[in-house]
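Coordinate inspection notes
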Amino acid sequence: MIRINAADIKPASSLKFVLRIASLSLLFLTRTGALQAQVSVAPTDLQCEYLTNPLGIDAANPRLSWRLSDTRQGARQTAYQLYIGTDSVAVSQGKANQWTTGKVLTDQALITYAGKPLQPFTKYFWRVDLWDKDGRNAKPASLSSFETGLMNARNWQGSWISDSRDVTIKPAPYFRKAFKLAKKIRSARAYVAVAGLYELYINGQKIGSHRLDPMYTRFDRRTLYVTYDVTAQMQTGNNAIGVLLGNGWYNHQSTAVWYFHEAPWRGRPTFCLDLRITYDDGSIETVTSGKDWKTALSPLIFNSIYTAEHYDGRLEQPGWNTANFDDKAWKEVIYRSTPSETIVAQTMHPIRAVERIPAKAIRKFNDTTYVFDLGRNISGVSQISVTGSAGTTLRLKHGERLYDNGHVDLSNIDVHYRPTDKSDPFQTDIFMLAGRGPETFMPRFNYKGFQYVEVTSDKPIDLTQASLTGYFMHSDVPAIGTFQSSNPTMNKLWWATNNAYLSNLFGYPTDCPQREKNGWTGDAHIASETGLYNFDGITIYEKWLADHRDEQQPNGVLPSIIPTDGWGYEWGNGPDWTSTIAIIPWNIYLFYGDKKLLADCYDNIKRYVDHINEQSPSGLTSWGLGDWVPVKSKSPVELTSSAYYFADVSILAKTAKLLGKQTDYSYYSALAARIKAAFNAKYLNKETGLYGSGLQTELSVPLYWGLVPDELNSKVASNLAKRVTADNDHLDVGLLGTKAILGALSENGHADKAYTLASQETFPSWGWWIVNGATTLYENWPIDAKSDISMNHIMFGEIGAWLYKALGGIKPDPTQPGFKNVLLEPMFVSNLDQVDVAHTGPYGTIRSAWKRTATELSYDIVVPPNSTATVSLIVPPGKTIYENGLPLASSSKAIRPVERTGKVQKFQLQAGTYQFKLK
Ligand code: BGC
């Protein structure tokens, strides 16, 4: 039976997943129980572009995917048939006017649309019929759909508009338009493209649950538009539409060391809107942004994505977004040029206020000063409810830590901020009351990293613990991984890692949610596997790699932060950071079995690699930052950067092969071999099996990235294990070393040593943070470090992936990616009694769970339908593997073939649920 982990360490966002696992486990019970329930076989989880029933798809050939629901052993899909059309009744009857594939004999469950050209603004219904392992036909319970968006910039009817103010003006502008609709409405869609941020209102109602839309891009190269179904908010007769524009990264008014206030794209926020109404009689009317809109300044008197928001309730104009509002005093709008040539659909999981976190404690200093504690560090906003007289001014200072005297301390996170005066305090919202009874404020166009909020007021106010609530905001990616073990600190570490990952996911991966909010490339590729094991993040990464393509120089160079205003082309952008261009598409390929991102980035990876090759014909490069924030020892930059260069060239060579580019394949394979030879000639001592001076990073990096000659692998690995012992079984690595060290040990015969490092609870270690109360990961190893001291960094987050890769042993098989064949290689490490790991991949939930008792080790596996698994178990001498009470070799037919090499037993499993014992 699947165990659900302790509720106290579970982020709410994974609840859906837990429920799903729980229902799966019920199915498993019925399968093995006495009452053999009827097996229901059906296609499930139909998605288009990795979203469920999405609106506003621009892709001419969208990807369609599904899963087979079938709990039987050996469950698989033998064929599919797709029906796609605009008439739902016809599609449900197996007739479709757009695309019918016929019965295709394949187990493939990810297909690229190849029917008649899709039309814009059109809803397509689709179903997929599947044939199971016995050739029986299974149909979906209900139809799925996707709806196209504008598809082509020429389909926009509205104009880009704004108010006539310049970039220095602080208050955010309102825009409105009232209009009449004569006929009965069948459906309505709002398409909103914005340079900046926005909130959309129709007839007084805020549209949608997204926050901080649209996602940050390099606005002068690519601008995103968002689609909403607004049918429910429209009415026949009088209507009004309202837009509030925020600055976001488009008009960065706060000043800091990255010069976003000088970004080449900077401008007063602007938008273009088409509200497309389909009447009952089939006719269409589009209400658009244009000169007939009116504008006024809003009560949002200042908004900065970087620092905070200021709001003056006295300036509210009740009903501003409703039809009856008198806008005579409002001003004319102006036309603006389009911010970029490319206006494309935002096809991704949006940012939301995903989790509500009530304050855990309040401390009252006096009747004008209070400090709230959320009990955990988050990215997001706080919401305050308060009553006071008009003009009472509250300041809400958000920080990650407190001074000894209990006040909020910003000194660990405001170091790169360069304010020009006192009007824009860091992470401090300013709320002026309207004085009309209870009032609530929550920022719209800003987020922060914080655990504590210090509220000060210029007049006495009465606050209670319930007055303030935190909202954990991030890209709302579905949770698809769970980890639970008999080590409670490790369980908390898994949770803290996920908190840090999510705190740094805002439509692009960031380094930290407070000090920078920068898309630091190095941090992101290091954490990408941790992200992909735990969250369905493909839509975010595909968008972010498009940002990469926008930012790449013609010569192949990428900046160290993406998106960027130009900062980062000269600092920090060697291959150890900007290998994102190769590593992330490759990881997406491994986790989703989808080549599209690799294909989309192929030329970019090539230009990038060619650039390094031109600069460093020797095969070695010192371009990079090296092992960032090390515990103590610093490894040579050339060693780590050259290893990443090798990794990129290897990925490029493999991709060339996948895409059928034979000449490139030969060329880049040879280049990879040359880099490897140069690397080993310079750094490897073949006698001793040491690299460089034998530091942890120097040994881990070549092992992890495959640079060590095969015959020396175990020697180098045992040198690494010895080095760790000599370092008192503690880490002596920085960013690049943490990525490599655990895997370098566990993949090469030293899993116990890796676990010793991973589970340390004394300095320096991950556990040290956790036992000192961390609920996220930190930027530096000492908890009292003096610099690099953000308390919400994901850069040391590889451990989150390692829990899956090593303790659970769940790994994608590069020869059958997307977990079509799962590699199950759990490490039954000695100092741990029990582990339960699950990951939901493209075919369903994979589970790997083991438990040791005094006499035996039990190992439970779930292999999802339409996939297989290759299990490799290390079997200690004298022990045998049993399945269902029988020795493995003579048990079920679903387990074939069984091979033994040394201590390792390897066997192949069909889909299904299995229980093994080692005794
Ligand atoms: C960021 C890091 C980043 C580094 C690169 C820091 O300021 O917070 O996470 O990778 O700079 O140098």
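Residues numbered from 1 in each chain as written. Predicted model: local features only at pLDDT ≥ 70, side-chain atom pairs only at ≥ 80, totals over all residues. Heavy atoms only, no water.

The name an unreviewed UniProt entry gives the protein chain is alpha-L-rhamnosidase, with Spirosoma agri as the organism. The UniProt entry for the protein chain carries the following text under Catalytic activity (unreviewed entry): "Hydrolysis of terminal non-reducing alpha-L-rhamnose residues in alpha-L-rhamnosides." (UniProt positions renumbered as here; feature names shortened; annotations may be inferred.)

The buried fraction of helix α13 (residues 735-746) amounts to 12 of the 12 residues, a majority that puts the element mostly inside the structure. Among the residues of α13, L735, L736, G737, T738, K739, A740, I741, L742, G743, A744, L745 and S746 are the ones counted as buried. (Buried < 20%, exposed > 50% of the residue type's maximum accessible area, 1.4 Å probe, protein only. Helix = DSSP H or I, 4+ residues; strand = E, 2+ residues; numbered from the N terminus.)

This part takes up the site of the ligand. Around the ligand, the surrounding shell consists of D511, R515, E516, W520, D523, W571, W577, L625, W628, E779, H793 and M795. Within the side chain of D523, one N or O atom sits 2.4 Å away from an oxygen atom of the ligand. In the environment of the ligand, an oxygen atom lies 3.0 Å from a nitrogen or oxygen atom belonging to the side chain of W577. About the coverage of the ligand: the protein hides 95% of its 310 Å² of free accessible area. (Near = heavy atom within 4 Å. Polar contact = N/O pair within 3.5 Å; in protein donor to acceptor, adjacent residues only side chain to side chain. Areas by Shrake-Rupley, 256 points an atom, 1.4 Å probe, with all protein chains shown as cover.)

A few words now on the nonpolar core. Ranked by size, the top nonpolar core spans 205 residues in total, and within it V455, Y859, L909 and F916 carry the most contacts. It is helix α9 (residues 637-658) that contributes the most residues to this core, 11 residues altogether. With residues up to four places along the chain from it excluded, the contact list for F916 reads L857, S858, Y859, I861, I881, Y882, E883, L888, I895, F907 and L909. In this structure, F175, I185, V194 and V230 belong to the second largest nonpolar core, which totals 28 residues. (Core = buried A, V, L, I, M, F, W, Y, C linked by side-chain atoms within 4.5 Å. Contact = heavy atoms within 4.5 Å.)

To continue, consider the packing of aromatic side chains. The full count for this structure, using the stated rule, is 52 aromatic pairs. Here the aromatic rings of W258 and Y306 are separated by 6.3 Å at their centres, their planes lie at 80 degrees, and the arrangement is edge-to-face. Here W258 is found in the loop between β15 (237-246) and β16 (270-279), whereas its partner Y306 is found in the loop between β19 (300-303) and β20 (309-312), with 48 residues between them in sequence. Since its relative accessible area comes to 1%, Y306 is described here as buried. (Phe/Tyr/Trp six-rings, centres within 6.5 Å; stacked < 30°, edge-to-face > 60°.)

Turning next to the UniProt feature "domain: Alpha-L-rhamnosidase concanavalin-like" (unreviewed entry) in the protein chain. Under the UniProt annotation, "domain: Alpha-L-rhamnosidase concanavalin-like" (unreviewed entry) lies at residues 364-474. Split by type, residues 364-474 is 0% helix and 51% strand. Its first and last C-alpha atoms lie 30 Å apart.

Domain annotation for the protein chain reports domain 1 (42-148), domain 2 (156-347), domain 3 (352-475), domain 4 (481-806) and domain 5 (824-918). Taking the mean C-alpha position of each, domain 1 and domain 4 sit 37 Å from one another. Each partner contributes residues to the interface: domain 1 has five residues there, and domain 4 has seven residues. Approximately 490 Å² of surface area, both sides summed, lies buried where domain 1 meets domain 4, with 54% of it carried by carbon and sulfur atoms. On the domain 1 side of the contact with domain 4, Y50, R63 and L110 bury the most area, a combined 85% of that side's loss. Where domain 1 touches domain 4, the interface holds two salt bridges. Where domain 1 meets domain 4, there are three residue pairs in polar contact (both at pLDDT 80 or more). (Domains from an automatic or database assignment. Buried area = accessible area lost by both parts, 1.4 Å probe. Salt bridge = Lys/Arg side-chain N within 4 Å of Asp/Glu carboxyl O.)

As a further point, take the side chain of N821. Among the secondary structure elements, N821 is positioned in strand β38 (residues 821-824). Engagement of the side chain of N821 in a polar contact is seen with the side chain of D813, the distance being 2.9 Å. Looking at N821, its side chain comes within polar contact range of the side chain of Q908, at 3.1 Å.

Angle between the axes and distance between the axes are the two parameters that describe a pair of packed helices. Packing of helix α3 (residues 488-503) against helix α4 (residues 521-534) brings their axes to within 10 Å, and their N-to-C directions diverge by 105 degrees. Relative to α4, α3 is oriented roughly perpendicular. Touching W494, T497, N498 and Y501 of α3 are A527, T530, G531 and N534, all from α4. The residue inventory of the contact of α3 with α4, partitioned by class, reads three nonpolar, five polar and no charged. (Axes fitted to C-alpha atoms, helices over the stretch in contact; angles between N-to-C directions. Parallel < 35°, antiparallel > 145°, perpendicular 65-115°, else oblique. Nonpolar A, V, L, I, M, F, W, Y, C, P; charged D, E, K, R; others polar.)

With that out of the way, let us pick up the sheet that holds β38. Strand order in the open sheet made by the five strands is β37-β38-β42-β46-β45, with mixed pairing throughout. Edge strands, defined here as strands with exactly one partner in the open sheet, are β37 (810-812) and β45 (895-901). For this sheet, the mean inter-axis angle between neighbouring strands, taken without regard to orientation, is 20 degrees. Two strands pair when backbone bridges link them, and β45 and strand β46 (residues 904-909) are joined in this way by five bridges, in the antiparallel orientation. (Pairing = 2+ DSSP bridges.)

Once the charged atoms of two side chains with opposite charge are near each other, the side chains can pair. Taken as a whole and assessed by the stated rule, the structure comprises 50 salt bridges. Here R63 ties to D594 by a salt bridge, and the two come within 2.8 Å at their closest N and O atoms. Residue R63 is found in strand β2 (residues 63-69), and its partner D594 is found in the loop between α7 (580-592) and α8 (596-615); the two are separated by 531 residues along the sequence. By relative accessible area, R63 is classed as buried at 4%. According to the relative accessible area criterion, D594 is buried, its value standing at 6%. The network of salt bridges with shared partners includes D70, R72, D132, K133, D134 and R136.

With 22 residues, helix α10 (residues 662-683) should cover 32 Å at 1.5 Å per step; its first-to-last C-alpha distance of 31 Å lies within 8% of that length. Taken as a whole, α10 has its buried residues at D664, Y668, L671, A672, I675, A678, F679, N680 and Y683. On its buried face, α10 sits against α8, α9, β35 (684-685), β36 (690-691) and α11 (696-704). (Expected span 1.5 Å × (residues − 1).)

Bringing the side chain of E309 into the picture now. You can see E309 is positioned in strand β20. For the buried E309, which has no salt bridge, the nearest side chain bearing the opposite charge is R444, at an N-O separation of 4.8 Å. Of note is the side chain of E309, whose polar atom sits 2.9 Å from the backbone nitrogen of R444. Excluding anything up to four places from it in sequence, E309 contacts L300, F302, N303, T428, D429, I430, F441, P443, R444, F445 and N446. (Lys, Arg positive; Asp, Glu negative; His and termini not counted.)

Right, let's talk about the UniProt feature "domain: Alpha-L-rhamnosidase C-terminal" (unreviewed entry) in the protein chain for a bit. UniProt feature "domain: Alpha-L-rhamnosidase C-terminal" (unreviewed entry): in the numbering of this structure it lies at residues 809-879. End-to-end, the C-alpha atoms of residues 809-879 are 20 Å apart, and along that stretch the chain is 0% helix and 54% strand.

With that settled, the discussion passes to the sheet that holds strand β1 (residues 42-48). Taken in spatial order, the three strands make up an open sheet running β1-β2-β5, and their pairing is antiparallel. Each of the sheet's edge strands pairs with one partner strand only, and the pair in question is β1 and β5 (110-112). Going from strand to strand, the sheet's axes swing by 25 degrees on average, the running direction of each strand aside. Taken together, the five bridges between β1 and β2 define a ladder with antiparallel strand orientation. Within β2, the residue paired with T44 across the bridge is R67.

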